[in-house]
Amino acid sequence: MDDLFPETRERLVLAPGAVLLGGFAKAEAPALLRAVESVAEQAPFRQYRTGGGRLMAAAMTSCGSYGWISDGHGYRYVRTDPLTGRLWPVMPAVFSILAERAARVAGYAGFVPQCGLINRYEAGAGMGLHQDRDERNMKAPVVSVSLGLSAIFQWGGARRQDARRNVPLHHGDVVVWGGSSRRNFHGILPVRSAPAVEGLGCRYNLTFRVVD
DNA sequence: AAGTATCT
DNA sequence: GTTG
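The rules behind the values
Residues numbered from 1 in each chain as written. Chains lettered and ligands numbered in written order. Predicted model: local features only at pLDDT ≥ 70, side-chain atom pairs only at ≥ 80, totals over all residues. Heavy atoms only, no water. Near = heavy atom within 4 Å. Pairing = 2+ DSSP bridges. Helix = DSSP H or I, 4+ residues; strand = E, 2+ residues; numbered from the N terminus. Axes fitted to C-alpha atoms, helices over the stretch in contact; angles between N-to-C directions. UniProt positions renumbered as here; feature names shortened; annotations may be inferred.

A. How the structure looks around the protein's contact with DNA strand C. Around DNA strand C sit Arg54, Leu129 and Arg160, and that is every residue in its neighbourhood. Here the atoms of DNA strand C within 4 Å of the protein split so that 100% fall in sugar or phosphate, with bases taking the remainder.

Structure (structure tokens):
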């Protein structure tokens, strides 16, 4: 429960292989948001169900050569959007360039994301503690970009019962995790409603992954 | 009690 | 093995 203050957030190592880059994407934020809109026009936000059949609180869409979905076959990556029947929108260059830069700064050179998953959290929405393990490729890191409303990121360990650290994520923050922390548990506490940030009344989280 | 699937 |  150690909250971190802005002045300590420049570059914070969360675990071996995991780092928070405070404000890393702030300059590109307006362009990233325009790209989010463009993706959403081609592949609308929708809510999937959890393994237990409950509606997930966050609305999602994807871009790139793979998109993440949840359906009767489980959580998986597919090449076409089940909602439109078309390929996922091309990943905007501003996404892939930022993701590559962030990964490189975090120690993962040569990161070429195959999936850009966009999660939209309205006030009250969160995501329970989980591992990212639907990717066949576990060598590449996960790159996560926060935009809009702030949220508390729960950063855990390799086991569900491991201690968690509450890390506030703000507009423009980037978290990269890979190596021995690639499968660490993590989640997002319900987003608290707050005044819009740079005109945004919700939180977007962009996560970039190599799938295979 | 609940819509998964699965890995070295 | 997990979630509410």
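B. Summary view of the sheet that holds strand E3 (residues 59-64). With antiparallel pairing, seven strands are arranged side by side in an open sheet as E1-E2-E11-E8-E13-E6-E3. The open sheet has two edge strands with one neighbour each: strand E1 (11-15) and E3. Averaged over neighbouring strand pairs, the angle between their axes works out to 20 degrees when direction is ignored. Sheet topology places strand E6 (residues 115-121) next to strand E13 (residues 203-209); seven bridges connect them, and they run antiparallel. The residue bridging Ile118 from the neighbouring strand is Leu206, located in E13.

C. Structural detail: the UniProt feature "domain: Fe2OG dioxygenase" (unreviewed entry) in chain A. As recorded in UniProt, the feature "domain: Fe2OG dioxygenase" (unreviewed entry) lies at residues 111-212. Helix makes up 0% of residues 111-212 and strand 41%, with an end-to-end C-alpha separation of 13 Å.

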